[in-house]
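Reading the structure
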Amino acid sequence: MKALTWKGVNEVEVQTVPDPKILNSGDAVVKVLRSTTCGSDLHLLGGYIPFMQSGDVLGHEFLGEVVEVGPGVTKHKVGDRVVVCSFVACGRCWYCKNELYSLCDNGNPNPALTEELWGANPGGCYGYSHAMGGFSGSHAEYIRVPYADVGAFKVPPGVSDERAVFASDAAPTGWMGADLAGTKAGDVVAVWGAGAVGQMAARAAILLGAERVIVIDRFDYRLDQAEKVIGAEVINYETTDVDAELRERTGGRGPDVCIEAVGMEAHSPGLQHVYDQAKQQLRLQTDRPTAVRQAIYSCRKGGSVFVLGVFAGLVDKFPLGALMNKGLTVRGAQMHGHRYIPMLLDRMANGEIVTEHFATHVMPLDDGPRGYDLFKNKKDGNLRSVFVPAG
Ligand SMILES: NC(=O)c1ccc[n+]([C@@H]2O[C@H](COP(=O)([O-])OP(=O)(O)OC[C@H]3O[C@@H](n4cnc5c(N)ncnc54)[C@H](O)[C@@H]3O)[C@@H](O)[C@H]2O)c1
Ligand SMILES: [Zn+2]
Ligand SMILES: [Zn+2]
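Keep in mind that what you see is a predicted model, and the values were worked out from it rather than measured. (Residues numbered from 1 in each chain as written. Chains lettered and ligands numbered in written order. Predicted model: local features only at pLDDT ≥ 70, side-chain atom pairs only at ≥ 80, totals over all residues. Heavy atoms only, no water.)

Moving on to the overall build of the chain. Helix and strand counts for the chain stand at 14 helices and 17 strands. Whereas a compact globule of 391 residues would reach a radius of gyration of roughly 21 Å, the chain reaches 20 Å, a difference of no more than 12%. Overall, the C-alpha framework of the chain stretches about 60 × 45 × 45 Å when taken along its three principal axes. Within the chain, the proportion of its 391 residues that are buried is 57%. Approximately 15300 Å² of the chain is accessible, and the part contributed by carbon and sulfur atoms is 51%. A distance of 3 Å separates the average location of the 38 positive side-chain charges in the chain from that of its 45 negative side-chain charges. (Helix = DSSP H or I, 4+ residues; strand = E, 2+ residues; numbered from the N terminus. Rg over C-alpha atoms; globule rule 2.2 N^0.38 Å. Buried < 20%, exposed > 50% of the residue type's maximum accessible area, 1.4 Å probe, protein only. Areas by Shrake-Rupley, 256 points an atom, 1.4 Å probe, with all protein chains shown as cover. Lys, Arg positive; Asp, Glu negative; His and termini not counted. Charge placed at Lys NZ, Arg CZ, Asp CG, Glu CD.)

The zinc ion (ligand 3) binds to the protein through Cys90 (SG), Cys93 (SG), Cys96 (SG) and Cys104 (SG); the donor distances cover 2.3 to 2.5 Å. In primary sequence terms, the donor set of the zinc ion (ligand 3) follows C-x2-C-x2-C-x7-C. The exposure class assigned to Cys93 is buried, which follows from its relative accessible area of 10%. When its relative accessible area of 3% is taken as the criterion, Cys96 is described as buried. (Donors = N, O, S within 2.8 Å, 3.2 Å for Na, K, Ca; no water.)

Close to ligand 1 lie 30 residues, the nearest being Ser40, Asp217, His267, Met335 and Lys378. Ala196 places a polar main-chain atom, nitrogen or oxygen, 3.3 Å from an oxygen atom of ligand 1. Arg222 has a polar side-chain atom sitting 2.9 Å from an oxygen atom of ligand 1. Considering ligand 1 on its own, with 870 Å² of exposed area, one finds that the protein chains cover 96% of that surface. Residue assignment for the shell around ligand 1 shows that the elements contributing at least two residues are helix H1 (39-45), helix H7 (196-207) and strand E11 (212-217). (Near = heavy atom within 4 Å. Polar contact = N/O pair within 3.5 Å; in protein donor to acceptor, adjacent residues only side chain to side chain.)

Below, the discussion takes up the coordination of the zinc ion (ligand 2). Protein ligation of the zinc ion (ligand 2) involves Cys38 (SG), His60 (NE2), Glu61 (OE) and Asp169 (OD), the donor distances falling in the range 2.0 to 2.4 Å. Bound by four donor atoms, the zinc ion (ligand 2) shows angles of 87 to 159 degrees at the metal and therefore irregular coordination geometry. As a motif over one chain, the donors of the zinc ion (ligand 2) read C-x21-H-E-x107-D. In this pair, His60 sits in the loop between H1 and strand E4 (61-69) while Asp169 sits in the loop between helix H5 (161-164) and helix H6 (170-180), placing the two residues 109 residues apart along the sequence. The class for Asp169 is buried, based on a relative accessible area of 7%. (Tetrahedral: all angles 85-135°; square planar, octahedral: opposite > 155°, others 65-115°.)

Since there are 3.6 residues in each turn of an α-helix, residues three or four apart along the chain are aligned in direction. Look at H7: 16 Å from first C-alpha to last across 12 residues, which is about the 16 Å you get at 1.5 Å a residue. Taken across its 12 residues, H7 has 10 buried, putting it largely inside the fold. Along H7, the positions that sit buried rather than exposed are Ala196, Val197, Gly198, Gln199, Met200, Ala201, Ala202, Arg203, Ala204 and Ala205. Where H7 is buried, its residues meet H6, strand E10 (188-192), E11, helix H8 (220-230) and strand E13 (257-260). Gly209 occupies a position one or two residues after H7 and carries a positive phi of about 100 degrees. (Expected span 1.5 Å × (residues − 1). Contact = heavy atoms within 4.5 Å.)

Sheet topology places E11 next to strand E12 (residues 233-236); four bridges connect them, and they run parallel. Within E12, the residue paired with Ile216 across the bridge is Ile235. As a crossover connection, the stretch from E11 through H8 into E12 is right-handed. (Pairing = 2+ DSSP bridges. Right-handed = clockwise from strand over helix to strand, strands pointing away.)

Position of Asn382 among the secondary structure elements: in the loop between helix H14 (368-376) and strand E17 (385-387). A polar contact of 3.2 Å, which involves the side chain of Asn382, links it to the backbone nitrogen of Arg384. With near-sequence residues (within four places) excluded, Asn382 lies in contact with Tyr221, Arg222, Thr360, His361, Leu374 and Phe375.

Honestly, that's just the spatial picture; any functional story needs more than this.
Here is the structure:
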């Protein structure tokens, strides 16, 4: 079958790879109808997560049709249209029982790499390097879905492919950020990053009852979506002093909840960017934590900061003093999607959550290299490139 693979730093190519097979009784094979790029893929593409091998199939957010099921699969049958959670979880271990699905003890068959890096391994993720299980990704005509009863969810008939594909990762990630940050009625919530993840965090905050939700980015076409489709207020950080503006909009106090949806390749204006990038390139820090720093500085005393952006290792100039003295709660997580996807599909069906505007560029898999160029370099108003592998 055809698949889009990682070739080397900043290089992808379309290749022929072996078809997936059922390996365990709980597996399904899914024909991929839609597979989207994600900000997380850019960290792989840029070589910031150094556990990729040439020829690895990329992609972790997808929707498709079940074409084969193992004998242990009870929830799905051939022909079902399903969206699959980007994280692989067993549904049975202590972490899964506690709804911490991205921390599943059994989802990652290569735990040693991350145990050494972080002291313990998270679960697995499709197409996300050998450190996250070495699973073949969804930018392919077919994909093996382990633990299919746990990770695949039937899509309600009225929800389009372009809407439902974002229930795989961006929507549950955003919802988790707003939820686990403790967003409650009347809160002011600030979100750094107007990509699909940031926009979904903003939408979740609105639906959880926040009084004001403010999204921060530098690309006006993304901020326009956050304003017009999501219903948030916006700030362009290139033309506005974010900290001063947030204080102004919160009566001098700062936001109650700050959600970071940017990650390790954050951009910052002026000298800080040169400094952070040089340190990252020299491996004096592995990640650029610009937006995390800003969220911690801007958050009100006693407030809550949630890191949704992906980080891999060490950061420099982490404002521990502000965190401690302002009494902040700082959390982060890979998404526990299984916990939210059924609820999100219901909200997609009743129109409370709209996501098809993310699919700015829908294309065949053969255009994968162009799709990644548009997404990485934010060209031509790109929010996400969505591939139609089996089309
Ligand atoms: N926690 C999870 O489970 C999970 C799941 C999916 C994605 N992610 C991560 O979420 C992050 C965002 O993903 P995405 O798909 O929306 O990516 P994206 O690249 O489409 O969007 C990131 C946005 O951040 C903006 N940005 C960069 N520097 C900024 C700064 N200093 N302040 C404010 N905005 C800034 C960019 O302009 C861009 O619009 C990535 O790091 C991704 O890896 C995490
Ligand atoms: Zn993703
Ligand atoms: Zn588990």
